[in-house]
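Fold and contact review
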Amino acid sequence: MKLLIRLHTPTEMASYEGCALALTLATFGHEVQLYLDAPVFGFLIQPNSRLQGMIQALELYDMPPAWLPDDVFSGWIAGMLPTDLATQLVLIPEEVNLQVFEQILTF
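Report follows, based on the coordinates. All values derive from a computational prediction rather than experimental measurement.

Moving on to the overall build of the chain. Counting its regular elements, the chain contains 5 helices and 5 strands. Across the chain, helices and strands are ordered from the amino to the carboxyl terminus as β-α-β-α-α-β-α-α-β-β. In terms of overall dimensions, the chain has a C-alpha envelope of 35 × 30 × 25 Å along the principal axes. Sorting the 107 residues of the chain into buried and exposed places 38% on the buried side. Of the contacts made within the chain by residues no fewer than 6 positions apart, 74% connect residues no fewer than 24 positions apart.

Moving on, we get to helix α1 (residues 12-27). Helix length check: α1, at 16 residues, gives a terminal C-alpha distance of 22 Å against a target of 22 Å (1.5 Å per residue), a fit within 8%. What α1 keeps buried is the set A14, S15, G18, C19, A22, L23, L25 and A26. Seen along its axis, α1 keeps its buried residues to an arc of 165°; they face one direction. Buried-residue contacts for α1 involve β1 (2-7), β2 (31-36), α2 (41-44) and α3 (50-56). Positive backbone phi, approximately 90°, marks G29, located one or two places after α1.

Moving on, we come to the nonpolar core. Formed by 26 residues in total, the largest nonpolar core has its most connected members in L34, L36 and I55. Going through the elements one at a time, β1, α1, β2, α2, α3 and β3 (66-68) are the ones with two or more residues in this core. Considering each element in turn, this core owes the most residues, 5 residues, to α1. Aside from chain neighbours lying at most four places away, what touches L36 is L7, F41, L44, I55, A66, W67, L68, P69 and L89.

Moving on, we come to the packing of aromatic side chains. Following the criterion strictly, the structure yields 1 aromatic pair and no others. Plain terms: the ring middles of W67 and F101 are 6.3 Å apart, the flat faces sit at 80° to each other, and that makes the pair edge-to-face. Of this pair, W67 sits in strand β3 while F101 sits in the loop between β4 (89-91) and β5 (103-106); the two residues are 34 residues apart in sequence, bridging distant segments of the chain. Across the ring face of F101, the terminal group of K2 is positioned such that the distance to the ring centre comes to 5.6 Å. Just above the ring of Y16 sits the side chain of R50; from NZ or CZ to the centre is 4.1 Å.

Checked against the element boundaries, I5 lands in strand β1. Through-space distance from the C-alpha of I5 to that of V32 is 7.1 Å; in sequence the pair is 27 residues apart. Among all residues touching I5, those that are not within four sequence positions of it are G18, L21, A22, L25, V32, Q33, L34, Y35, L105 and F107.

So, on to the pairing of β2. Taking burial as the measure, the 6 residues of β2 include 5 buried ones, the bulk of the element. The sheet contact formed by β1 and β2 spans 6 bridges and is parallel. Bridging across to β2, K2 finds its partner in E31.

Criteria and cut-off values
Residues numbered from 1 in each chain as written. Predicted model: local features only at pLDDT ≥ 70, side-chain atom pairs only at ≥ 80, totals over all residues. Heavy atoms only, no water. Helix = DSSP H or I, 4+ residues; strand = E, 2+ residues; numbered from the N terminus. Buried < 20%, exposed > 50% of the residue type's maximum accessible area, 1.4 Å probe, protein only. Contact = heavy atoms within 4.5 Å. Expected span 1.5 Å × (residues − 1). Arc of directions from axis to C-beta. Core = buried A, V, L, I, M, F, W, Y, C linked by side-chain atoms within 4.5 Å. Phe/Tyr/Trp six-rings, centres within 6.5 Å; stacked < 30°, edge-to-face > 60°. Lys NZ or Arg CZ within 6 Å of the ring centre and 35° of its normal. Pairing = 2+ DSSP bridges.

In structure tokens:
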């Protein structure tokens with residue numbers, strides 16, 4: 001199953017649960033793409049946040065880098081993060097065919 005999980009809610013618990021679901025599904029062979037919206041950026045810049053540690057682990061779960069919105073805030077956040085975390089983030093592609101995802105979940 002191919003899924004897009006969008007982390008949008010500005011609460012740490014919702015972001016954590018959405019990311020934990022993504023990692024769990026990837027563990028069982030599902031193709032999961034994370035999309036981190038601007039409301040969760042505050043958790044990314046906190047070195048001890050669970051979200052930061054989970055995003056750093058995407059490669060271990062054979063997941064692609066998480067997408068960021070294509071705006072000025074994404075460039076700012078990428079410049080503020082440690083290199084090992086920043087390598088797990090990319091700007092959302094210019095053209096995304098949402099039809100390829102069997103489910104789109106928003107947290």
